[in-house]
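# Architecture at a glance
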Amino acid sequence: MDQQHVTLVGGPLDGHQVPVTGWTPQQRATGVAHLTDHGAYGPGGRAVYGPAPDDVDPGSTDRWVWEGDCP
């Protein structure tokens, strides 16, 4: 199986890639709250990324946009 990745756009993890090999379209459409030390909440905080609002098929997108940070 080929490796599949989603590229993070904007925010503290801009340009990073998240491996999504084996994820279902529903999981890919949800996005992630990725741990990072570089967000607004420092160590242990999370940067939230998900499909762009204008994505026609969020379950097959190859990019997630930054939605904000959370503790």
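Here the structure is shown first, and the text comes after it.
Here's a quick rundown of the structure. Since we're looking at a predicted model, the values are computed, not measured.

## Quick notes on the pattern of salt bridges
Per the stated rule, a full pass over the model turns up two salt bridges. The partner of Asp55 in a salt bridge is Arg63, and the shortest N-O contact between them spans 3.6 Å. Classification of Asp55 by relative accessible area gives buried; the value is 17%. Taking the relative accessible area as the measure of exposure, Arg63 reaches 31% and is therefore partly exposed.

## Some points on the pairing of strand 1 (residues 5–9)
Side chains Val6 and Leu8 project from strand 1 onto a buried face, and the interleaved His5, Thr7 and Val9 project onto a face without burial. Pairing analysis gives three bridges linking strand 1 to strand 2 (residues 17–19), with the strands arranged antiparallel. Across the sheet, Thr7 pairs through a bridge with Gln17, a residue of strand 2.

## Overview of the nonpolar core
One finds Val6, Leu8, Leu13, Val18, Val20, Val32, Ala47, Tyr49 and Trp64 forming the largest nonpolar core, which totals nine residues. Taken together, the elements giving at least two residues each to this core come down to strand 1 and strand 4 (45–50).

How each quantity is defined
- Residues numbered from 1 in each chain as written.
- Predicted model: local features only at pLDDT ≥ 70, side-chain atom pairs only at ≥ 80, totals over all residues.
- Heavy atoms only, no water.
- Salt bridge = Lys/Arg side-chain N within 4 Å of Asp/Glu carboxyl O.
- Buried < 20%, exposed > 50% of the residue type's maximum accessible area, 1.4 Å probe, protein only.
- Helix = DSSP H or I, 4+ residues; strand = E, 2+ residues; numbered from the N terminus.
- Pairing = 2+ DSSP bridges.
- Core = buried A, V, L, I, M, F, W, Y, C linked by side-chain atoms within 4.5 Å.

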